[in-house]
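Each chain, letter by letter, is given below.
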Amino acid sequence: MKRVFSGVQPTGNIHLGNYLGALKQFVELQDENECIYCIVDEHAITVPQDPKALREHILDVAALYLAIGIDPKKAIIFVQSDVSEHAELGWVLTCASTTGELFRMTQFKSKSGGKESVGTGLLTYPTLMAADILLYDTDIVPVGNDQKQHIELTRDLAIRVNAKYGKTFVVPDGRFMKAGARVMALDDPTQKMSKSAPNAHSRISLLDDDAKIKKSIMKATTDLDGVIRYDVENKPGISNLLTIYSALSGISIPELEAKYEGKGYGDFKKDLVQVTIEALKPIRERYEEIRHSDELNKILDDGARRAKEIAAPVMKRVRDSFGLGR
């Protein structure tokens, strides 16, 4: 079996774009692969966090992992900071990287916003992300297309270390978002759906209640054409809603176009509201059932133990390669 690793930051509620773009793949992969899924809390502190809120968000994401269908008997679910080897290998890979390649990272350029000074973690977190992956001899990393550069850096670092010190790391491959799974903001379909957008109706979060789902979809940007047709360039709003409808219902976009031929946006949106509510209801119910249970912490404790059993020998191999320790 191939080994899969991926992680999600505990920085707010997971939205439909996260789910359809990446998390749904997590569930699909667990049946035929050895899967390791992490809540990457050490990445979250690259920007200031409220400690109490961060700990709540860690448990929120863990509960959502389970609510969407990740099975702790099939996959390892754990919190990054519970396995100290992540931080240790992150430092080693920071030393193996160059400032040039880190300054070239697209997300650093975006998040630093041209400021003269930003938190050092914003610059170096790609090496921690590489450590997360390489620590588990990972074969496959399921990520969105916006993470492609990070996977390339991870591969470059693994190849570089292997060339200098001998076989130390497995060189991983990215498993990128499937075509059609890219979900855009409801208020501006030219931008990716984001949990940090100021307009709460720009996104649908997995835990939104029925009223919020309805309001967000009914307010979603469309156009004046009145024709339900998939055309990203000329009809980005309707195309985005068709993508969501298709992904949640399993009905192909051409079938949806035929179904709504001659019908208006109002009818289409009302049906999409029901499809979305029905798709997210079991996730919300399972989340409420497990979020404050002892079961959740037991699963995370067991996951940390199992993760460390894999990580510790890999870290020993790294120390031996680099000549660390006595």
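Residues numbered from 1 in each chain as written. Predicted model: local features only at pLDDT ≥ 70, side-chain atom pairs only at ≥ 80, totals over all residues. Heavy atoms only, no water.

Caption draft 1: Structural detail: the overall build of the chain. Along the backbone of the chain there are 13 helices and five strands. Computed over its C-alpha atoms, the radius of gyration of the chain comes to 21 Å, within 12% of the 20 Å expected for a compact globule of 326 residues. By its C-alpha atoms, the chain is 75 × 45 × 40 Å across when sized along the principal axes. Taking all 326 residues of the chain together, the buried fraction comes to 49%. When contacts within the chain are restricted to residue pairs at least 6 apart in sequence, long-range pairs at least 24 apart make up 75% of them. Approximately 15600 Å² of the chain is accessible, and the part contributed by carbon and sulfur atoms is 51%. Seen as two clouds, the 44 positive and the 46 negative side-chain charges of the chain have centres 2 Å apart. (Helix = DSSP H or I, 4+ residues; strand = E, 2+ residues; numbered from the N terminus. Rg over C-alpha atoms; globule rule 2.2 N^0.38 Å. Buried < 20%, exposed > 50% of the residue type's maximum accessible area, 1.4 Å probe, protein only. Contact = heavy atoms within 4.5 Å. Areas by Shrake-Rupley, 256 points an atom, 1.4 Å probe, with all protein chains shown as cover. Lys, Arg positive; Asp, Glu negative; His and termini not counted. Charge placed at Lys NZ, Arg CZ, Asp CG, Glu CD.)

Caption draft 2: Structural view of the nonpolar core. Membership of the largest hydrophobic core comes to 61 residues, with the highest contact counts inside it found for L16, Y37, I39, Y65 and L206. Excluding residues that lie within four positions of it along the chain, I39 makes contacts with V8, P10, I58, V61, A62, Y65, I77, F78, V79, Q80 and L300. In this structure, I36, M129, F169 and A307 belong to the second largest nonpolar core, which totals 38 residues. (Core = buried A, V, L, I, M, F, W, Y, C linked by side-chain atoms within 4.5 Å.)

Caption draft 3: Broad picture of unusual backbone geometry. The phi dihedral of D137 falls on the positive side, at around 50°, and the residue is not glycine. Within the secondary structure, D137 sits in the loop between α7 (120-134) and β4 (140-143). In this structure D137 comes out as buried when scored by relative accessible area, which is 17%.

Caption draft 4: Here's a closer look at helix α4 (residues 85-96). Across its 12 residues, α4 extends 16 Å between first and last C-alpha, which sits within 8% of the 16 Å expected from 1.5 Å per residue. Turning to α4, its buried residues are E85, H86, L89, G90, V92, L93 and A96. Summarising the axial view, the buried residues of α4 lie within an arc of 165°, below the 170-degree limit, and thus occupy one face. Structural note: α4 exposes W91 and C95 on the side pointing more than 90 degrees away from its buried face. (Expected span 1.5 Å × (residues − 1). Arc of directions from axis to C-beta.)

Caption draft 5: How the structure looks around helix α12 (residues 265-290). The terminal C-alpha atoms of α12, which comprises 26 residues, lie 38 Å apart, in line with the 38 Å expected from a rise of 1.5 Å per residue. The largest bend along α12 measures about 30° and falls at L280, with the proline P282 one to four residues further on. (Bend = angle between axes of the 7 residues up to and from the residue.)

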